[in-house]
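Structural characterization, general
Single-letter residue listing:
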Amino acid sequence: MHDAPPVVEPLAGEKEPLAAGLKQRHLTMLGLGGVIGAGLFVGSGAGIAVAGPGIILSYLLAGGLAMLIMRMLGELSAAMPASGAFSVHAERALGRWAGFSVGWLYWFLLVVVLAVEATAAARIAHGWAPGVPQWGWVLLFMVVFTAANLAAVKNFGEFEFWFAALKVGAIVLFLALGLLAIFGVLPDTDAVGMTNLTGQGGLLPHGWGGVVSGVLAVVFAFGGLEVLTIAAAESDDPARAVGRAVRSAVWRILFFYVGSMLVIVTLLPWSSLKPGESPYVAVLDRIGVPAAGQIMNVVVFVALLSALNANLYGSSRMVFSLAERKEAPRALLKVGAGGVPRRAVLASVAFGFVSVILNLEWPDSIFQYLLNAVGSVLLFVWGLIAVSQLRLRRRIERETPELLTLRMWCFPYLTWVALAAIGAVLVLMLTDDAARPQLLWSAGATAAVVAVALLRDLRQRSSAAVDR
């Protein structure tokens, strides 16, 4: 049996040694744009292929789960802001093994996914300027964002603010044009009515099984919302800032995703959309927007750079927080003059460079194994967030209820609903031939990290007993 996790007071007055350089507008736009990425603009085509118009329900279900996780994260981060966010919360709720495990798993996830984003962005840029080799673009992106993250946290905030503004603006414009086309207001368009929703097999052409398959295809597109709570620790008023950002973002995110899908499957027959091709381009072509493909390429390019920037930031702060708690080398605690954990940034980008090289040289072998190992880690992280919130919410209510400035809806019932939904997704992945290998690899990686964490705990307890 393991000892009960230590009770750590969730003090409102705890201060991070990092600079408070992020403003409310940075966090608000990070909350809005943080989960709008290439997975929505391009990857949604795969979801439509398996669910048809039922993809609307798939996004409602997956988005609903993401909203619950975001609300739980917001509650804990408003009460206990820290650069390690949910890793710190897991440690306080369950013990050091949990904080170690979720922190390193999330760091590993970010630096591996960073390689996918850098390579995809370089591929687009190489198409625009074939004279520059793909590796040259990757090098440029990594150098630029490393320099920005080393200089000051406000640079990260400004990059993300404008990246998010462009993504949000593109979505809003897309929704506006789509609605006008649906009602036949645009030139050379006729009102489409319900033809595409009720034809081609109806709203659920593949039944509820298609909706479930759609959930598996789109749920990971909501990853990225966690960086908001990590960033909140570097704002002037973390508790207030994260509460406002979560409140403003949570419903709008669902509106952007579900609204986009509704426009797409209303305007176009779902069977005409192909996996791997952007349904947004198909809609813009249908409306008659010139150079629709290139316009969407620019939006996807920005989304990829935004994710690269956010992942570099999030990974550096996570490993810095681990070092603060003696779960990573203490040398990573070095903070520069601008309040930036420069060694943590360099450590994260160094592994990021290694991942990029593996992706460029061995995309279908070594890197694919790495990608599979982190593919489902997000679900394990979300599960620990929910468990941590269950335990810490009661502790905070009992000891410092004034810190609960943002509360989880219908606690504890919706927290249990979120845990059940995560369990259901894991079971569905286990029964899906395409998703099963990824789940098993990720489960293996998670088990390995947890085993290391438990062994460290056991060794530390043994050392402490010997000292006594």
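None of the values given here were measured: they were computed from a predicted structure.

**Some thoughts on the environment of arginine 92**
Positionally, arginine 92 belongs in helix α5 (residues 86–94). Given the relative accessible area of 8%, arginine 92 is considered buried. Put simply, arginine 92 and phenylalanine 141 are 49 residues apart on the chain and 37 Å apart in space, counted from C-alpha to C-alpha.

**Things to note about the packing of helix α4 (residues 55–79) against helix α12 (residues 238–267)**
Running from N to C, α4 and α12 point in directions that differ by 175°, and their axes come no closer than 9 Å. Here α4 lies roughly antiparallel to α12, going by the angle between them. Counted by class, the contact of α4 with α12 contains 20 nonpolar, 4 polar and 2 charged residues.

**Observations regarding the nonpolar core**
Generally speaking, a soluble globular protein has its nonpolar side chains buried in company with each other. Ranked by size, the top nonpolar core spans 149 residues in total, and within it Phe86, Phe141 and Trp382 carry the most contacts. Beyond its immediate sequence surroundings of up to four residues, tryptophan 382 is in contact with Leu65, Ala66, Ile69, Val219, Phe222, Leu225, Glu226 and Ile422. If you look at the next biggest cluster of nonpolar residues, it comprises 9 residues, including Leu322, Ala323, Leu332 and Ala344.

**So, the environment of valine 349**
Residue placement: valine 349 occurs in helix α15 (residues 342–361). Measuring from C-alpha to C-alpha, the distance between valine 349 and phenylalanine 145 comes to 9.4 Å, with 204 residues separating the pair along the chain.

**Observations concerning the packing of helix α6 (residues 96–128) against helix α16 (residues 366–375)**
One can describe the packing of α6 onto α16 by two numbers: an axis separation of 9 Å at closest approach and a directional angle of 135°. By the angle between their axes, α6 is oblique relative to α16. Crossing handedness for the pair α6 and α16: left-handed. Within the contact between the two elements, α6 uses Phe108, Leu109, Val112, Ala115 and Val116 and α16 uses Phe367, Leu370, Leu371, Ala373 and Val374. Taken together, the residues that form the contact of α6 with α16 break down as 10 nonpolar, no polar and no charged.

The rules behind these values
- As a convention, each chain's residues are numbered from 1 in the sequence order in which they are written.
- In keeping with the predicted nature of the model, local features appear solely for residues at pLDDT of at least 70, side-chain atom pairs appear and are counted solely at 80 or more, and the whole-chain, interface and lining totals rest on all residues.
- Values reported for side chains reflect all heavy atoms of the structure, with hydrogen atoms and water molecules removed beforehand.
- A run of H or I in DSSP becomes a helix once it reaches four residues, and a run of E becomes a strand once it reaches two; helices and strands are each numbered from the N terminus.
- Each residue's exposure class comes from its accessible area (1.4 Å probe, protein chains only) as a fraction of the maximum for that residue type: buried when under 20%, exposed when over 50%, partly exposed otherwise.
- The convention used is that axes are lines fitted to C-alpha atoms, helices contributing only their stretch in contact, and that angles between N-to-C directions extend from 0 to 180 degrees.
- Here the word oblique covers every angle except those under 35 degrees (roughly parallel), over 145 (roughly antiparallel) and from 65 to 115 (roughly perpendicular).
- In this count, Pro and Cys sit with the nonpolar residues alongside Ala, Val, Leu, Ile, Met, Phe, Trp and Tyr, while Asp, Glu, Lys and Arg are called charged and the others, Gly among them, polar.
- As used here, the term nonpolar core means buried Ala, Val, Leu, Ile, Met, Phe, Trp, Tyr and Cys residues forming a set that is joined through side-chain atoms within 4.5 Å.
- Contacts: residue pairs with any heavy atoms within 4.5 Å of one another.
- By convention, the crossing between two helices is left-handed when the near helix turns anticlockwise from the far helix through less than a right angle, and right-handed when the turn is clockwise.

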